[in-house]
Amino acid sequence: MGLLAGLKGYALAAAGGLLLAAAVGLAWRTHGAAQYRAGYAQAQAEAETQRLRLQEGIQYERDREDAINRGQVLARLAADRLVADQRKRIDGLLDQLRRRPAPARAEPGTDGTGEDWIGVFGQCVAAYEDMGREAGRLADKVNGLQGYVRAIQSGK
């Protein structure tokens, strides 16, 4: 029975070796999985940080373009107020001219100026004011669209 007892010892040693190898393999796999999870978590955190930076950059560009556009709109409104003030001044001068007594004329001719020129001049001023207002409105739209395009292009 000596031989059988020796085989039992080898069998137990082999079984112990297999258990040891399985334990080492399981530990190695668990360690690798933990490293994979840690790397994945780090990559996710870096991606989130990058997304936040990109989002902040896009918002900064939008805010900057909005501020530029607001400044342009305020400048146009100031110009509109100046035009309106000048219009009031011109209307006042035209009213003074209308109220002025007509000078004695020898006879009306083709070269003579009548009271009509005041009305025509007032209409020209009004048309010019309307053109300026429309040009300002269109300029605001163009500036806003250009800012929007620049913000989109910088976000790429």
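Residues numbered from 1 in each chain as written. Predicted model: local features only at pLDDT ≥ 70, side-chain atom pairs only at ≥ 80, totals over all residues. Heavy atoms only, no water.

(A) Representation of the overall build of the protein chain. Along the protein chain, the regular secondary structure elements total two helices and zero strands. Burial status across the protein chain gives 8% buried among its 156 residues. Sequence-distant contacts, at least 24 apart, represent 76% of the contacts inside the protein chain between residues at least 6 apart. Accessible area for the protein chain stands at about 12,900 Å²; split by element, carbon and sulfur atoms hold 63% of it. (Helix = DSSP H or I, 4+ residues; strand = E, 2+ residues; numbered from the N terminus. Buried < 20%, exposed > 50% of the residue type's maximum accessible area, 1.4 Å probe, protein only. Contact = heavy atoms within 4.5 Å. Areas by Shrake-Rupley, 256 points an atom, 1.4 Å probe, with all protein chains shown as cover.)

(B) Inspection of the pattern of salt bridges at higher detail. Tallied over the entire structure, the rule returns nine salt bridges. Of the charged contacts in the structure, one is a salt bridge between E61 and R64, with a shortest N-O distance of 3.0 Å. Highlighted residues: E61 and R64, both in helix α1 (residues 2–99), separated by three residues, approximately one helical turn. In this structure, the salt-bridge partner of E129 is R133, at a minimum N-O distance of 3.7 Å. On the criterion of helical spacing, the pair formed by E129 and R133 is a turn pair, its members being four residues apart in helix α2 (residues 116–154). Here R133 falls in the partly exposed class, since its relative accessible area comes to 39%. Through salt bridges with shared partners, a single network forms among R87, E129, D130 and R133. (Salt bridge = Lys/Arg side-chain N within 4 Å of Asp/Glu carboxyl O.)

(C) Inspection of the environment of G132 at higher detail. If you trace the backbone, G132 turns up in helix α2. Taking the C-alpha atoms as reference points, G132 and V83, separated by 49 residues in sequence, lie 8.7 Å from one another.

(D) Looking closely at the side chain of R76. By the element assignment, R76 lies in helix α1. Side chain to side chain, R76 and D140 meet in a polar contact 2.4 Å long. Excluding its chain neighbours within four sequence positions, the residues that come into contact with R76 are G136, R137 and D140. (Polar contact = N/O pair within 3.5 Å; in protein donor to acceptor, adjacent residues only side chain to side chain.)

(E) Region of the structure containing a nonpolar patch on the surface. There is a patch of nonpolar side chains on the surface, built from Y148, V149 and I152 and spanning about 300 Å² of accessible area. Residue classification places V149 among the partly exposed positions, given a relative accessible area of 40%. (Patch = residues over 30% accessible without salt bridge, like charges linked within 9 Å, V, L, I, M, F, W, Y side chains within 5 Å.)

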